[in-house]
Amino acid sequence: MAVREWVLHVDLDQFIAAVEVARRPELRGKPVVVGGTGDPAERAVVATASYEAREFGIRSGMPLRTAAKRCPEAIFLATDAPAYQEVSDRVMATLRELPVVVEVLGWDEAFLGVTTDDPEALAADIRRVVAEETGLSCSVGIGDNKLRAKLATGFAKPAGIFRLVQENWWDVMAEKPTDALWGIGAKTTKKLTEAGYRTVLDLAGADPADLAARFGPKLGPWYRILAGGIGDAEVTATPYVARSRSRETTFQRNLTDPDAMAAEVVALAKRVSQDVDEEGRPAARVAVKVRFAPFLTHTHSVTLPAPTADPAEIEQAALAVLDMFDLGRPVRLLGVRAEFSSTAAGSASP
């Protein structure tokens, strides 16, 4: 095989659960659910679940109480973000010792830019080195761009390697539903299906003008590009930079008093302002998330007149966003998010 450039996507398998099992080996092979304070009687959602727990239908974002009903014997653990960050840093440092360019995407995944004649052999080396250095398992997707590498990892999981490139794109993806594409969610898939675009192949053959009319001049044609497997192939070694900082609170009893909701938003905005100050970058947008009982979530946001780290301005913006909601229903969760300038500038782009 000729030497050529590849994009590899490394994804740590069941990362948070795996970290917890590594700290508590007696949990290996058992259904483990991580989220909130680890008390399924409290209001919180699943951060991650071990593969054993997933067999019971437990998924990220599910209320802990629902998870407990689906698997009463599950072991519930509190989230420990500092521990996950420390392990993630070790994994990324391990990857950087290899002859690759590492672009970190988050705690548990990274793109690697590589030049090789045998990407599968390199992927196997990556899996071995990560396991030896950290005790964690990872899956590796091989692609000729980031989109295909990212999707390939889904076929590789768990603990495998899969190649998805132009040559086998249609064999693998043609009959998949459109939500198999990275960047297309359930709501968009439903709209695409209603418009007659049921599969990836259907979407790839769509009229760009029709897509633009239905989904907007940027998003519509972009969906068609995604369906063709076309994407960015450049991997950059720039450090991972957070796009936003957020805080949220789940209430054990629903809030019904708008003044109490405003007080909670003020408290959250203060904590977010501290995070923004520590980040050393000004916020350009402020968003508020409201989860109404029983489990209906809405988010609104505003662009600030100018990027700022001023706590008073962030608080004022958060309260202004809160006023956008109809607060006549009980509220079970409130969140405040500050988005940094680079994110705000590109938030309308696909």
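Since we're looking at a predicted model, the values are computed, not measured.

The rules we used
Residues numbered from 1 in each chain as written. Predicted model: local features only at pLDDT ≥ 70, side-chain atom pairs only at ≥ 80, totals over all residues. Heavy atoms only, no water. Helix = DSSP H or I, 4+ residues; strand = E, 2+ residues; numbered from the N terminus. Contact = heavy atoms within 4.5 Å. Salt bridge = Lys/Arg side-chain N within 4 Å of Asp/Glu carboxyl O. Buried < 20%, exposed > 50% of the residue type's maximum accessible area, 1.4 Å probe, protein only. Phe/Tyr/Trp six-rings, centres within 6.5 Å; stacked < 30°, edge-to-face > 60°. Lys NZ or Arg CZ within 6 Å of the ring centre and 35° of its normal. Core = buried A, V, L, I, M, F, W, Y, C linked by side-chain atoms within 4.5 Å. Pairing = 2+ DSSP bridges. Axes fitted to C-alpha atoms, helices over the stretch in contact; angles between N-to-C directions. Parallel < 35°, antiparallel > 145°, perpendicular 65-115°, else oblique. Left-handed = near helix turned anticlockwise from the far one by under 90°. Nonpolar A, V, L, I, M, F, W, Y, C, P; charged D, E, K, R; others polar.

Turning to the environment of Phe155, a few remarks are in order. As for its position among the elements, Phe155 is in helix 6 (residues 146-156). In this structure the C-alpha to C-alpha distance between Phe155 and Val172, which are 17 residues apart in sequence, comes to 9.7 Å. Once residues lying within four places of it in the same chain are set aside, the contact partners of Phe155 are Phe162, Leu164, Val172, Met173 and Lys176.

Before going further, it helps to spend a moment on the pattern of salt bridges. Overall, the coordinates contain 22 salt bridges when judged by the stated rule. Here Glu86 and Arg90 are joined by a salt bridge, their closest N and O atoms 3.1 Å apart. Linking Glu86 with Arg90, this pair stays in helix 4 (residues 81-96), spanning four residues, or about one helical turn. Taking relative accessible area as the criterion, Arg90 reaches 35% and is therefore assigned partly exposed. Here the residues in one salt-bridge network are Arg245, Arg247, Asp275, Glu279 and Arg281, joined through shared partners.

Attention now moves to the packing of aromatic side chains. As enumerated under the stated definition, the model contains seven aromatic pairs in all. Ring geometry for Trp169 and Trp170: centres 6.4 Å apart, planes at 75°, overall edge-to-face. Aromatic ring contacts, followed pair by pair, group Phe15, Tyr84 and Trp107 into a single cluster. Over the ring of Phe295 we find Arg291; its NZ or CZ atom is 4.5 Å from the centre of that ring. Positioned over the ring face of Phe292 is Arg329, at 4.0 Å from the centre of the ring.

With that settled, the discussion passes to the nonpolar core. Membership of the largest hydrophobic core comes to 36 residues, with the highest contact counts inside it found for Leu8, Phe15, Leu95, Leu112 and Ile126. Elements with a contribution of two residues or more to this core: strand 1 (4-12), helix 1 (15-23), strand 2 (32-34), helix 4, strand 5 (101-106), strand 6 (109-116), helix 5 (119-134) and strand 7 (138-143). The biggest single contributor to this core is helix 4, with six residues. Among residues more than four places away in sequence, those in contact with Ile126 are Leu8, Val10, Leu95, Leu98, Leu112, Cys138 and Val140. Counting 26 residues, the second-largest nonpolar core is a separate cluster that includes Ala269, Ile314, Leu322 and Leu334.

Let's shift gears to the sheet that holds strand 1. In spatial order, the strands read 5-6-1-7-8; together these five strands make up an open sheet with mixed pairing. With partners counted over all chains shown, the strands left at the sheet margins are strand 5 and strand 8 (161-164), one partner each. Each strand axis lies, on average, 20° off the axis of its neighbour in the sheet, ignoring direction. Looking at chain direction, strand 5 and strand 6 are connected through five bridges and run antiparallel. In the strand pairing of strand 6, Gly106 is matched with Glu109.

On to the packing of helix 4 against helix 5, then. At a minimum axis distance of 10 Å, the contact between helix 4 and helix 5 shows a crossing angle of 135°. Judged by the angle between their axes, helix 4 and helix 5 are oblique. As for the relative orientation of helix 4 and helix 5, their crossing is right-handed in sense. Contacts between helix 4 and helix 5 involve Arg90, Val91, Thr94 and Leu95 from the former and Ile126, Val129, Val130, Glu133 and Thr134 from the latter. Residues that form the contact of helix 4 with helix 5 fall into these classes: five nonpolar, two polar and two charged.

A word on the side chain of Ser273. Within the secondary structure layout, Ser273 lies in helix 12 (residues 258-279). On the basis of relative accessibility, which here comes to 3%, the residue Ser273 falls in the buried class. If we ignore the near neighbours within four places in the chain, the residues touching Ser273 are Pro311 and Ile314.

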